[in-house]
Amino acid sequence: LPTIAIGVLLSQAPLAQSVEIYYPPNEGEWETVAPEDSRFDLEGLEAAAAYAESQHSSALVVLHFGRLLLERHWRIDPDSEHATPGYLMMVQGHTKDGHVIEDVASIQKSVTAYLAGPAIASGKLHIEEPVDGYLGFGWSNADAEEEEAITVRHLMSMTSGLTESLYFESPAGTAWAYNTGAFNPVMDILEVAYGKPM
């Protein structure tokens, strides 16, 4: 099956104390960094790319403090065995360079969780608080008492006890189930906490 992988690669060499993080511009070229300037082993990077390709990935991007260190794209032929119906549903089009534009699906969960960190640290988000405190009553299809017991932590840890359609299934915190439908309200909670759209 085609996969998208996000990973963190760590170099063995110690980093300088003051490393400037680069943020790419909204328009224009994304700055790159050479492997020898990043302390990464070029053969290791190429091995990682070869592995990603062997797993039928459509792309791999490795960043070093925000700059492009490695970028590879592989076309998955719509007629191949790797172009499953699920993968084809994720394809949203192509860039002007011909690279596929894909819905990144569950990678959004990692980004959402990452965005929660600063909100928690700054006191804008309290994960032990009931979801109702951020979204008001009726954000789910559970009864009032069942909904009131669900905290932000329950949504983020997928222990809400709700079904994909946000109906009550089990008491919050008693069972784990991978559940996109019950995770999605975390994005709404972050919008309330930050006071701005995602």
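Everything below is about the structure printed above this text.
Quick notes on the rules
- Residues numbered from 1 in each chain as written.
- Predicted model: local features only at pLDDT ≥ 70, side-chain atom pairs only at ≥ 80, totals over all residues.
- Heavy atoms only, no water.
- Helix = DSSP H or I, 4+ residues; strand = E, 2+ residues; numbered from the N terminus.
- Expected span 1.5 Å × (residues − 1).
- Buried < 20%, exposed > 50% of the residue type's maximum accessible area, 1.4 Å probe, protein only.
- Arc of directions from axis to C-beta.
- Contact = heavy atoms within 4.5 Å.
- Axes fitted to C-alpha atoms, helices over the stretch in contact; angles between N-to-C directions.
- Parallel < 35°, antiparallel > 145°, perpendicular 65-115°, else oblique.
- Left-handed = near helix turned anticlockwise from the far one by under 90°.
- Nonpolar A, V, L, I, M, F, W, Y, C, P; charged D, E, K, R; others polar.
- Pairing = 2+ DSSP bridges.
- Salt bridge = Lys/Arg side-chain N within 4 Å of Asp/Glu carboxyl O.

### With respect to helix H2 (residues 42-54)
Counting along an α-helix, one turn takes 3.6 residues, and residues three or four places apart therefore face a common direction.
Here is step 1: With 13 residues, H2 ought to run about 18 Å at 1.5 Å a step, and its terminal C-alpha atoms sit 18 Å apart, in line with that.
Here is step 2: Of all the positions in H2, only Leu45, Ala49 and Ala52 are classed as buried. Taken around the axis of H2, the buried residues stretch over an arc of 60 degrees, which confines them to a single face. In H2, the exposed residues that point more than 90 degrees away from the buried face are Glu43 and Tyr51.
Here is step 3: Elements that come into contact with the buried residues of H2 comprise helix H1 (35-38), strand E1 (59-64) and strand E2 (67-73).
Here is step 4: Directly after H2, the chain includes His56, whose backbone phi takes a positive value near 65 degrees.

### A short note on the packing of helix H4 (residues 107-121) against helix H9 (residues 185-194)
A pair of packed helices is characterised by two quantities: the angle between their axes and the separation of those axes.
Here is step 1: Direction vectors running N to C along H4 and H9 enclose 30 degrees, while the axes themselves pass 10 Å from each other. Compared by their axis directions, H4 and H9 come out roughly parallel. Of the two elements, H4 crosses H9, and the hand of that crossing is left-handed. For the pair formed by H4 and H9, the contact residues are Thr112, Leu115, Ala116, Pro118 and Ala119 on the first element and Val186, Met187, Leu190 and Tyr194 on the second.
Here is step 2: Among the residues making up the contact of H4 with H9, the classes are represented as eight nonpolar, one polar and no charged.

### Overview of the pairing of E1
Here is step 1: Because side chains alternate across E1, one face comprises the buried residues Leu60, Val62 and His64, and the other comprises Ala59, Val61 and Leu63, none of which is buried.
Here is step 2: Sheet topology note: the E1/E2 ladder contains six bridges and is antiparallel. Across the sheet, residue Val61 finds its bridge partner in E2, namely Glu71.
Here is step 3: As consecutive antiparallel partners, E1 and E2 are separated by two residues, and within that stretch Phe65 has a phi angle of approximately 50 degrees, a positive value.

### Notes on H9
Here is step 1: Here H9 has its buried residues at Pro185, Val186, Ile189, Leu190 and Ala193. The arc that holds every buried residue of H9, seen down its axis, measures 145 degrees, which confines them to one face.

### What to know about the side chain of His154
Here is step 1: Here His154 shows up in helix H7 (residues 152-156).
Here is step 2: Using a relative accessible area of 16% as the deciding quantity, one classes His154 as buried.
Here is step 3: Not counting the four nearest positions on each side in its chain, His154 is found in contact with Ala149, Thr159, Ser160, Ala172 and Gly173.

### Considerations on the pattern of salt bridges
Here is step 1: In total, this model carries three salt bridges according to the counting rule given.
Here is step 2: Here Glu31 makes a salt bridge to Arg67, at a shortest N to O gap of 2.9 Å. One end of the pair, Glu31, is in the segment before H1; the other, Arg67, is in strand E2, and 36 residues separate them in sequence.
Here is step 3: Between Glu46 and Arg72 there is a salt bridge, with its nearest N and O atoms 2.5 Å apart. Of this pair, Glu46 sits in helix H2 while Arg72 sits in strand E2; the two residues are 26 residues apart in sequence, bridging distant segments of the chain.
Here is step 4: According to the relative accessible area criterion, Glu46 is partly exposed, its value standing at 34%.

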